[in-house]
Amino acid sequence: MGATLEEIHGLFQVAVSDDASLSLLKGFKMDFSGNPDFHKVYLAVKCQCGTAGLLSVEVAMDKTLQEVRDAMPSLLENLQVKVRMFRSMSCEMHGKMRQGRL
């Protein structure tokens, strides 16, 4: 049986608990991919300028909890690439994002 979204949230909650600028967004229901066969995990990354970026990870619904645990290092590595990209942007660029000028 596949892992539940709540179980997956639990894994991510523990994994990002040491990073104060990254937070799990439980209850966030947007579906940008349109793929109903995946659980979507949403996280927010924050900058000191006040801008928050929305990050997401998709996990196939048929993956067991153990399979998700086994994949966590890779999922977190991919997530950290997105975090680094957001953090490498200047606060000026973040301001443009907030104003919809990108």
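Residues numbered from 1 in each chain as written. Predicted model: local features only at pLDDT ≥ 70, side-chain atom pairs only at ≥ 80, totals over all residues. Heavy atoms only, no water.

S.K.: Which parts of the structure should I look at to understand the pairing of strand β2 (residues 38-46)?
M.R.: The side chains of a regular strand alternate between both faces of the sheet. In terms of residue burial, β2 counts as a mostly covered element, since seven of its nine residues are buried. Note that β2 and strand β3 (residues 52-60) share nine bridges and pair antiparallel. Opposite K40, over in β3, you have E58 as the bridge partner. A loop of five residues connects β2 with β3, the two strands running antiparallel in sequence, and G50 in this loop sits at a positive phi of about 100°. (Buried < 20%, exposed > 50% of the residue type's maximum accessible area, 1.4 Å probe, protein only. Helix = DSSP H or I, 4+ residues; strand = E, 2+ residues; numbered from the N terminus. Pairing = 2+ DSSP bridges.)

S.K.: What's the story with the sheet that holds β2 in this structure? I'm lost.
M.R.: In a beta sheet, neighbouring strands are held together by backbone hydrogen bonds and run either parallel or antiparallel to one another. Taken together, three strands build an open sheet; the order of strands is β1-β2-β3 and the sheet is antiparallel. Edge positions in the sheet fall to β1 (22-24) and β3, since each has one partner strand and no second. Across the sheet, the mean angle from the axis of one strand to that of its neighbour is 30°, orientation sign disregarded. Lying on the sheet, helix α1 (residues 5-16) is in contact with β1, β2 and β3; it crosses β2 at an angle near 30°. The sheet strands contacting helix α2 (residues 65-88) are β1, β2 and β3, and the helix crosses β3 at an angle near 155°. (Axes fitted to C-alpha atoms, helices over the stretch in contact; angles between N-to-C directions. Contact = heavy atoms within 4.5 Å.)

S.K.: Help me out: how do you make sense of the environment of E92 in this one?
M.R.: By the secondary structure assignment, E92 is in helix α3 (residues 91-98). The spacing of E92 and C49 is 43 residues in sequence and 9.0 Å in space, taken between C-alpha atoms.

S.K.: What exactly am I supposed to notice about α2 here?
M.R.: In an α-helix, one turn spans 3.6 residues; hence positions three or four apart end up facing the same way. Over its 24 residues, α2 runs 33 Å from end to end, which matches the ideal 34 Å to within 8%, given 1.5 Å per residue. Maximal helix bending in α2 amounts to about 50°, located at A71; proline P73 follows within four positions. Every buried residue of α2 is listed here: V68, M72, L75, L79, V83 and F86. In this fold, the buried residues of α2 make contact with α1, β1, β2, β3 and α3. (Expected span 1.5 Å × (residues − 1). Bend = angle between axes of the 7 residues up to and from the residue.)

S.K.: Would you take a moment to explain the side chain of H9 for this structure?
M.R.: Secondary-structure assignment places H9 in helix α1. Here H9 is in contact with L24, K26, G27 and V41, once residues within four sequence places are set aside.

S.K.: How should I be thinking about the state of the cysteines in this particular structure?
M.R.: In a disulfide, the sulfur atoms of two cysteines are covalently bonded to one another. Evaluated as defined, the whole model comprises zero disulfides. Free of any disulfide, C49 has its nearest neighbouring cysteine sulfur in C47, separated by 3.6 Å. The thiol of C91 is unpaired, and the distance to the nearest cysteine sulfur, on C47, comes to 3.7 Å. C91 sits in the partly exposed class, given a relative accessible area of 33%. (Disulfide = S-S within 2.5 Å.)

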